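Here are the chains, one letter per residue:
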Amino acid sequence: MTDPIADYLTRLRNAIKASHRIVEIPASNIKKEITKVLHDKGYIQNYKFEQNGPQGTIKIALKFNPTTKQNAIVSLERVSTPGLRKYAKHDELPRVINGLGIAIVSTSKGVMTDKEARTEGIGGEVLCYVY
C-alpha cells in the first residue's frame, strides 16, 4: 500500500455511504492521531484502539443524526499525496469552507487542525480536508 492515509479516508467514506455504524481500520500512529482530531472536533462519535496482531486496529463509531440519518462528515478529501506533498506556512494554511470545516495538518508538534496550527504559529503538511 503506497498511501495508508488515503486508504483510511476511503474506508471512512465507504462506511458513511453504506450507512455503517462502525468501521474497522488497520492502525498506525498517524491514523490514530487523525482519529483523535476527528473525535475532538465532533466528526465521529467514539473510537477504540485494539491491539490484535502486530499492527492492531482502530474501531470508529460514526456519528449520525438520529432523525435525518445524515452523517456528521459530509466530505473527506485527501490533499497531500505521496507523489505530491502539499506544505503550508502558518499564515498560508487553507480555510475549509470559510472556517466551517477543518484541514488536518501534520506539524512538528503533532497532528492538529489548521486553526490550532495557526494559533501555535507553525505550518506543516496539509493531510486532508474534513467538513
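Our subject is the structure listed above.
Worth saying up front: this structure is predicted, and the values here are computed from it rather than measured.

About the criteria used
Residues numbered from 1 in each chain as written. Predicted model: local features only at pLDDT ≥ 70, side-chain atom pairs only at ≥ 80, totals over all residues. Heavy atoms only, no water. Axes fitted to C-alpha atoms, helices over the stretch in contact; angles between N-to-C directions. Helix = DSSP H or I, 4+ residues; strand = E, 2+ residues; numbered from the N terminus. Parallel < 35°, antiparallel > 145°, perpendicular 65-115°, else oblique. Left-handed = near helix turned anticlockwise from the far one by under 90°. Contact = heavy atoms within 4.5 Å. Nonpolar A, V, L, I, M, F, W, Y, C, P; charged D, E, K, R; others polar. Pairing = 2+ DSSP bridges. Buried < 20%, exposed > 50% of the residue type's maximum accessible area, 1.4 Å probe, protein only. Core = buried A, V, L, I, M, F, W, Y, C linked by side-chain atoms within 4.5 Å.

**Here's the deal with the packing of helix α1 (residues 4-17) against helix α2 (residues 29-40)**
- Relative orientation of the contacting elements α1 and α2 amounts to 40°, with a least axis distance of 10 Å. Here α2 runs oblique to α1, going by the angle between their axes. As α1 runs across α2, the sense of the crossing is right-handed. Every residue of α2 that contacts α1 at P4, I5, Y8 and L12 is listed here: I30, K31, I34, T35 and L38.
- The class makeup of the residues in the contact of α1 with α2 is seven nonpolar, one polar and one charged.

**Structural notes on the sheet that holds strand β2 (residues 44-50)**
- Here three strands make up an open sheet; going across it, the order is β1-β3-β2 and the pairing antiparallel. Both edges of this open sheet fall to β1 (22-26) and β2, since each of them pairs with a single strand only. Along the sheet, successive strands turn relative to each other by an average axial angle of 20°, direction set aside.
- Note: β2 against strand β3 (residues 57-62), six bridges, orientation antiparallel. Within β3, the residue paired with N46 across the bridge is A61.
- Of the strands in this sheet, β1, β2 and β3 are in contact with α2, which crosses β2 at around 155°.

**Some remarks on unusual backbone geometry**
- The backbone of S19 shows a phi angle near 60°, a positive value even though the residue is not glycine.
- With respect to the helices, strands and loops of the structure, S19 is situated in the loop between α1 and β1.
- For S19, a relative accessible area of 48% puts it in the partly exposed group.

**Some remarks on the side chain of T57**
- Considering the arrangement of structural elements, one finds T57 in strand β3.
- Residue T57 is classed as buried on the basis of its relative accessible area, which comes to 15%.

**So, the pairing of strand β8 (residues 124-130)**
- Counting buried positions along β8 yields six of seven residues, so the element is predominantly enclosed.
- Alignment of strand β4 (residues 76-78) against β8, held across three bridges, turns out to be antiparallel. What sits directly across from L76, in β8, is V130.
- When strand β5 (residues 87-88) meets β8, the two strands line up antiparallel, connected through two bridges.

**Some details on the pairing of strand β7 (residues 110-113)**
- Pairing of strand β6 (residues 102-107) with β7 involves four bridges; the strand directions are antiparallel. Its bridge partner lying in β7, V105 is registered against M112.
- Between β6 and β7, which pair antiparallel one after the other, the connecting turn spans two residues.

**A look at the nonpolar core**
- The biggest cluster of nonpolar side chains holds 26 residues, and the ones touching the most others in it are L12, L38, I60, I104 and V130.
- Every element with two or more residues in this core is listed here: α1, β1, α2, β3, β6 and β8.
- Here this core takes six residues from α1, the largest share from any one element.
- Residue contacts for L12: discarding those within four places in its chain leaves V23, I25, L38, I60, L62 and L76.

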